[in-house]
Amino acid sequence: MIIMKATAKANTNIALIKYWGKRDETLFLPMNSSLSITLDHFNTITTVEFCKSFDKDIFLLNNLPASDKESNKVFRFLDKVRNLAGVNLHAVVSSENKVPTAAGFASSASGFAALAAAAAKALDLELNTKEISILARQGSGSACRSVYGGYVEWKKGIQEDGKDSFASQLLSEQDWKISILSVLVAGEQKKVSSREGMKRTVETSPFYAGWLQTVEKDLEDAKEAIMSREFEKLGHVVEANALKMHATMLGAKPPVLYWQSGTMDVIHHIQYLRLTGIPVFFTIDAGSNVKVLCLPKDEAIVYESLLTLPTVQKVFICHPGSGITYLE
Ligand code: 2P0
């Protein structure tokens, strides 16, 4: 019995310039380009085994059968990989997810990056990194960025087939070390998925046009700041871009509001720390948690001061990390 098997590991990423809105929901083609940092922990390790004798697909998440919803996303993605390879073998996918929901990071980025890499390798597809990025994108948009380490740009592309919509590395994780603190705030779990939130924004928010008119300039400014290692310049554009993304959601019908009171507490605290002379900035994804950016020399003081806020439950400290790695 021949088993075709491979294991890959991918880290999650945090967007500095956000991906918000799709122009094609089947191929996961974005309305705008985006930019992220791949982190040094919070990863997914996935093993994919294809075998002729398997009579159905199975998806195990942390050693237990995953929900139907999660499994179907994985099986639909396997269909895309099987199409590419011209095979119709079933697979067992086993993922170890070390992106705790409590950390406030999306696990779909690391999840589909690791799955794309492992499935392609198991089927001997011999894809290069760009092709793995294109494949991972079709599982979850942000996953195409987790294929690379360090500072990563996802160019939206203009082709209908999505062949020009993939990520590439701007700077490696060694090139510029900054600190990313993920601040978990008290409050309810989010009720609207990012997928639904971005769809509703595109379809109903009168502010979405303003987002599209300005996001590419934000990206150029952020890129310039990264290439010249200008932290404050980067921080200002990152913070403004996140607030603008949330402003577009607030204009949707019905409005999408991810923030809790703790989110506002952290925002005000970061603004206060900045007044004391510390270069520190925030960004917020489709959720209530806040990601704080600072320089490594200020990491300890920012960490300690965030923990004094009553609505802050936990703070995770991260740095830029690596792209996909293959394990035996
Ligand atoms: C991002 N987010 O750039 C943006 C910012 C959330 C806010 O990508 O539908 O899980 O699977 O492509 O990638 C989260 O959405 O959405 C996301 P799908 P995804 O990181």
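What you are looking at is a predicted structure, and each value in this text was computed from that prediction instead of being measured. (Residues numbered from 1 in each chain as written. Predicted model: local features only at pLDDT ≥ 70, side-chain atom pairs only at ≥ 80, totals over all residues. Heavy atoms only, no water.)

> Help me understand helix α2 (residues 107-122) in this model?
Think of an α-helix as turning once every 3.6 residues; residues three or four places apart then point the same way. Between the first and last C-alpha of α2 there are 22 Å, a value that for 16 residues agrees with the 22 Å anticipated at 1.5 Å per step. Most of α2 sits inside the fold, with 13 of its 16 residues counted as buried. Asp 124 sits one or two residues past α2 and shows a positive phi near 55°. (Helix = DSSP H or I, 4+ residues; strand = E, 2+ residues; numbered from the N terminus. Expected span 1.5 Å × (residues − 1). Buried < 20%, exposed > 50% of the residue type's maximum accessible area, 1.4 Å probe, protein only.)

> I keep staring at the nonpolar core and nothing clicks. Help me out?
Nonpolar side chains in soluble globular proteins generally cluster together in the buried interior. Core analysis: the largest hydrophobic core is formed by 78 residues, its most contacted members being Trp 20 and Phe 50. With 10 residues, the top contributor of residues to this core is α2. There are two domains that each give this core at least three residues, and those are domain 1 (3-176) and domain 2 (181-318). Formed by 19 residues, the second largest nonpolar core is a distinct cluster that contains Val 185, Ile 267, Cys 294 and Leu 306. (Core = buried A, V, L, I, M, F, W, Y, C linked by side-chain atoms within 4.5 Å. Domains from an automatic or database assignment.)

> Even after reading the chapter, I still don't get the site of the ligand, so can you show me in this structure?
Around the ligand, the structure places 17 residues, and the nearest of them are Tyr 19, Lys 22, Ser 140, Ser 142 and Arg 195. Interatomic distance of 2.7 Å between a side-chain N/O atom of Tyr 19 and an oxygen atom of the ligand. Ser 108 is positioned with one of its side-chain polar atoms (N or O) 3.0 Å from an oxygen atom of the ligand. The fraction of the free accessible surface of the ligand (470 Å²) that becomes covered by protein chains is 94%. Tallying contributions element by element places helix α5 (residues 194-204) first for the shell around the ligand, with 3 residues. Of the residues belonging to the shell around the ligand, the class tally is 7 nonpolar, 5 polar and 5 charged. (Near = heavy atom within 4 Å. Polar contact = N/O pair within 3.5 Å; in protein donor to acceptor, adjacent residues only side chain to side chain. Areas by Shrake-Rupley, 256 points an atom, 1.4 Å probe, with all protein chains shown as cover. Nonpolar A, V, L, I, M, F, W, Y, C, P; charged D, E, K, R; others polar.)

> Quick question: what am I supposed to make of the packing of aromatic side chains here?
How two aromatic rings sit relative to each other is given by the distance of their centres and the angle of their planes. Enumeration according to the criterion identifies 6 aromatic pairs in this entry. Both rings, one in Trp 176 and one in Phe 231, keep their centres 6.5 Å apart while their planes meet at 75°; by these two values the pair is edge-to-face. One end of the pair, Trp 176, is in the loop between β9 (166-171) and β10 (179-185); the other, Phe 231, is in helix α7 (residues 231-250), with 55 residues separating them in the sequence. The exposure classification of Trp 176 matches that of Phe 231, with both residues buried. When the ring centre of Phe 316 is taken as origin, the NZ or CZ atom of Lys 314, which lies over that ring, is 5.3 Å away. (Phe/Tyr/Trp six-rings, centres within 6.5 Å; stacked < 30°, edge-to-face > 60°. Lys NZ or Arg CZ within 6 Å of the ring centre and 35° of its normal.)

> Could you clarify how one ought to interpret the pattern of salt bridges in this entry?
Here the idea is simple: oppositely charged side chains can pair when their charged atoms come close. On inspection of all chains with the given rule, the structure shows 17 salt bridges. In this structure, the salt-bridge partner of Lys 191 is Glu 188, at a minimum N-O distance of 2.6 Å. One salt-bridge network, held together by shared partners, links Lys 18, Asp 285 and Lys 291. (Salt bridge = Lys/Arg side-chain N within 4 Å of Asp/Glu carboxyl O.)

> Looking at this structure, I do not really get the sheet that holds β10. What am I missing?
Strands belonging to one sheet form pairs held by backbone hydrogen bonds; the direction of such a pair is parallel or antiparallel. Taken in spatial order, the 4 strands line up as β11-β12-β10-β13 in an open sheet, and their pairing is antiparallel. At either end of the open sheet lies a strand with only one pairing partner, and these are β11 (280-284) and β13 (312-318). Between one strand and the next, the sheet's axes are offset by a mean angle of 25°, whatever the strand orientation. In terms of strand pairing, β11 meets strand β12 (residues 290-294) through 5 bridges, oriented antiparallel. Bridging across to β12, Val 280 finds its partner in Cys 294. Along the sheet, α7 contacts β11 and β12; its crossing angle with β11, the most-contacted strand, is approximately 30°. Taken strand by strand, helix α8 (residues 261-275) contacts β10, β11, β12 and β13, and its axis lies near 160° from that of β11. (Pairing = 2+ DSSP bridges. Axes fitted to C-alpha atoms, helices over the stretch in contact; angles between N-to-C directions. Contact = heavy atoms within 4.5 Å.)

> Sorry if this is basic, but what is going on with the domain arrangement of the protein here?
It is common to give the size of an interface as the accessible area that goes away when the parts come together. Taken domain by domain, the protein consists of domain 1 (3-176) and domain 2 (181-318). Between the C-alpha centres of domain 1 and domain 2 the distance comes to 24 Å. Residue-level contacts link 36 residues of domain 1 with 44 residues of domain 2. When domain 1 packs against domain 2, the two sides together hide about 3,300 Å² of surface, and 70% of this comes from carbon and sulfur. When residues of domain 1 are sorted by the area they lose upon contact with domain 2, Lys 18, Trp 20 and Trp 176 head the list and together hold 27% of the total. At the boundary of domain 1 with domain 2, the tally comes to 3 salt bridges. As a salt-bridge pair, Lys 199 and Glu 25 come within 3.4 Å of each other at their nearest N and O atoms. One can count 11 residue pairs in polar contact (both at pLDDT 80 or more) joining domain 1 with domain 2. Sorting the residues of the side of domain 1 that touches domain 2 by element identifies β1 (3-17), β4 (34-51), β8 (151-155) and β9 as the ones contributing at least two each. (Buried area = accessible area lost by both parts, 1.4 Å probe.)

> What am I meant to see in the packing of helix α1 (residues 68-85) against α2 here?
In the contact formed by α1 and α2, the axes pass within 11 Å of each other and the chain directions differ by 40°. By the angle between their directions, the pair α1 and α2 is classed as oblique. Our pair here, α1 against α2, has a crossing hand that is right-handed. Contacts from Lys 73, Val 74, Phe 77, Leu 78 and Val 81 of α1 reach α2 at Phe 112, Leu 115, Ala 116, Ala 119 and Ala 120. (Parallel < 35°, antiparallel > 145°, perpendicular 65-115°, else oblique. Left-handed = near helix turned anticlockwise from the far one by under 90°.)

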